[in-house]
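Reading the structure
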There are 2 protein chains.
Amino acid sequence: MTREEVKRGLIGGLGSWISGQELAASLGISRAAVWKAVASLRAEGYEIEASKRGYRLSALPDLLTEDLIREGLRTELLGRRIIASEALPSTNAEAKRFAASEEGTVVIAEVQTAGRGRMDRSWHSPRGGVWMSIILKPQIPPAQAFRVNIAAAVAVARALEGLYGLEVKIKWPNDLMVGGRKVSGILTEIGADMDRLDYAVVGIGINANLDPGDLAGGWKATSISSEIGRKVLRAELVRRVLEELEGASQEMEASSGRLQEEWSIRSETLGRRVRILARDGEFEGLAEALEADGSLAVRRDGGLLERVIAGDCVHLRPAGERI
Amino acid sequence: MTREEVKRGLIGGLGSWISGQELAASLGISRAAVWKAVASLRAEGYEIEASKRGYRLSALPDLLTEDLIREGLRTELLGRRIIASEALPSTNAEAKRFAASEEGTVVIAEVQTAGRGRMDRSWHSPRGGVWMSIILKPQIPPAQAFRVNIAAAVAVARALEGLYGLEVKIKWPNDLMVGGRKVSGILTEIGADMDRLDYAVVGIGINANLDPGDLAGGWKATSISSEIGRKVLRAELVRRVLEELEGASQEMEASSGRLQEEWSIRSETLGRRVRILARDGEFEGLAEALEADGSLAVRRDGGLLERVIAGDCVHLRPAGERI
């Protein structure tokens, strides 16, 4: 574990010079062992300078390791356990295997080989994105599970706005949009009896450092890096999402209605003409409100108010432009 | 498989004499082999008489084997796969292991060693009861999962009434009562995303052939055998429950509202003064209605209508007797 100790020492002094001699002495190892650990860290992507003054970690690598995520994470519950993998078929599927156990567990992978979105659609998950699943155990009945989904959408929107100054809107039911293009999607799965949830697994996919050419969905999708013109440190993004989600899920359990209000304010769907594609057919109308039961209220052209619980939604005209 | 073939021959002619010679000839085996199979079946509990006229199966044993359940089962979907065990920790837990696969799978055990009821309470499951779990995959969103529970309660009530002429009432949320005492309980568990259920596991426990002394809950519980004064053939009961549940779940997916109406008519809770014990405290009031979202509407003494989604319910006075 010499390598881990050296790493911790360098991360602790990020940007400052640390004497190799002092580092070796404080860890009770040889200077050669320090050098070996530094070489191994460099191979992993850590940028470490060496000079007469010692070693200096000049930049953290953009990796999603447990260490890098945990460094500076300000949460009580989320991330107590972090399972970081190079590749997984699906982080949601993996998280469900752990769902009986600990709340707050985070499963994350650099690549998903069989990522899934809503309606069993495949979800393109190449290197450079954030693909993660979080286990929550809110004390709510399954009829209110949609509130977890609302909390997650609001939390991710807050994180992207707070870190990168992006204006993030929500497309019903649960896509996060920047400039009208999708930057993140959420897939919440639950296990429950009729009295309460056993678990909720919140799957969050974010197009973080992805080039337009790597994006599934073509012109309908975007990434953070292509919106802000630089790469982001994904570990920092993960931390911020976990912190915002912890806050939002506390708000959710307090049942204040604030999250639903924020969802509505951030909505890119409300006030628009939409086409709804549901199991039993499709129709068009004006999206009027997010109801207390999580459904989208759509005013059909004939005047009838339809409550849509599940389905797809196509935006037909820009918000505000009504017929 | 000689034993199985002889068994099928005898079950097919239940109550009639079948010549041993003819049975041997039709199966292409010796008369000694027929005799050996008969001895083995007797050892298992089949009552088989022997005389000069041959063999006669006079009664089926009260066992919950796949064969005995399947014999004469009139369902399309439920029971396509029947997993019958001598003992399981919990049939719901076992069914959830199979829930990703086939709809209609039935898991049943003579004894549960760690049976569970609502709110993680233990559920006493000795020999003589019916402890089973059925996998359904209705195309409904998780917010409507309570409808599976309603369908199951109505189905079991119909089965017990149809087979034994018992008057069966439903105590909210999901106990089946005869003469004010509990005869059956239902525990529905689901896996879902926000668009639809992945599966529902309907756990049904019925106090079938149990003596009052074997019953958990003492004077608050009863069994079919103690109500009707004779033991029942549990395989027949299982068949009837599966048939009624298949019908009720089709009604449920058709969304007609009939099931909720029947639930209300059969309710032992509506119209009564009740004490509700919910997560956030307890209160008393008059149970007024089962709402469209599955909650119980209770009129508090102050006049406020409270909608209870999850909790326990204590009946305070007989129905009709109001203050």
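Everything numeric here is computed off the predicted structure, so don't read it as measured data. Every chain begins its residue count from 1, and numbering advances along the sequence as written. Each chain takes a letter, starting from A, and each ligand takes a number, starting from 1, following the order in which they are written. Where totals are concerned, whole chains, interfaces and linings use all residues; where local detail is concerned, this predicted model gives features only for residues with pLDDT of at least 70, and gives and counts side-chain atom pairs only at 80 or more. As a convention, hydrogens and water are excluded, and side-chain values are obtained from all of the structure's heavy atoms.

**Description of the domain arrangement of chain A**
How big an interface is tends to be expressed through the accessible area that disappears when the partners come together. Residues and elements named next belong to chain A. Boundaries between domains were set according to an automatic or database domain assignment. Splitting chain A by domain gives domain 1 (2-59), domain 2 (66-266) and domain 3 (273-315). Computed over C-alpha atoms, the centres of domain 2 and domain 3 are 25 Å apart. When checking whether two residues touch, look at their non-hydrogen atoms; a contact exists if any pair is within 4.5 Å. With 11 residues of domain 2 in contact, the opposing surface of domain 3 contributes 14 residues. Here domain 2 meets domain 3 over a buried area of about 1,000 Å², counting both sides, of which 60% is carbon and sulfur. Two parts placed together each lose some accessible area under a 1.4 Å probe, and adding up what both lose gives the buried area. Contact with domain 3 buries area across many residues of domain 2, yet Phe-146, Lys-171 and Trp-172 alone supply 59% of it, more than any other trio. For this document, the term salt bridge refers to a Lys or Arg side-chain nitrogen within 4 Å of an Asp or Glu carboxyl oxygen. Remark: the boundary between domain 2 and domain 3 carries 2 salt bridges. Between Asp-312 and Arg-118 there is a salt bridge whose closest N-O contact spans 3.3 Å. Polar contact criterion, stated in full: a pair of N or O atoms within 3.5 Å, where within protein one must be able to donate a hydrogen and the other to accept it, and residues adjacent in sequence count only if both atoms are side-chain atoms. Connecting domain 2 to domain 3 are 6 residue pairs in polar contact (both at pLDDT 80 or more).

**Remarks on the environment of B:Arg70**
Residue and element names in this part refer to chain B. Per the convention used, a helix needs a DSSP run of H or I reaching at least four residues, while a strand needs a run of E reaching at least two, with both numbered from the N terminus. Structurally, Arg-70 is set in helix 4 (residues 66-70). Each C-alpha atom, one on Arg-70 and one on Ala-192, is 30 Å from the other, the two residues being 122 residues apart in sequence. Not counting residues up to four positions away in its chain, the partners in contact with Arg-70 are Gly-79, Arg-80, Arg-81 and Ile-82. Engagement of the side chain of Arg-70 in a polar contact is seen with the side chain of Glu-66, the distance being 2.7 Å.

**Describing the interface of chain B and chain A**
Across the boundary between the two partners, chain B contributes 25 residues, which contact 25 residues of chain A. Taken together, the two surfaces of chain B and chain A that pack against each other cover about 2,200 Å², and 50% of this comes from carbon and sulfur. Contact with chain A buries area across many residues of chain B, yet B:Met194, B:Asp195 and B:Arg279 alone supply 30% of it, more than any other trio. Between the two partners, chain B and chain A, sit 4 salt bridges. For A:Arg196, the salt bridge goes to B:Asp120, with nearest N and O atoms at 2.8 Å. Counting only elements with at least two residues in the side of chain B that touches chain A, the list comes to helix 6 (146-164) and strand 8 (181-193) of chain B. With 7 residues, strand 8 of chain B is the single largest residue contributor to the side of chain B that touches chain A. Polar here means any residue other than Ala, Val, Leu, Ile, Met, Phe, Trp, Tyr, Cys and Pro, which are nonpolar, and Asp, Glu, Lys and Arg, which are charged; Gly is therefore polar. Partitioned by chemical class, the residues of the side of chain B that touches chain A number 12 nonpolar, 6 polar and 7 charged. Where strand 8 (residues 181-193) of chain A and strand 8 of chain B come together, 5 bridges link them in antiparallel fashion. Bridging across to strand 8 of chain B, A:Ala192 finds its partner in B:Ile190. One bridge is not enough; two strands pair if DSSP finds at least two bridges between them.

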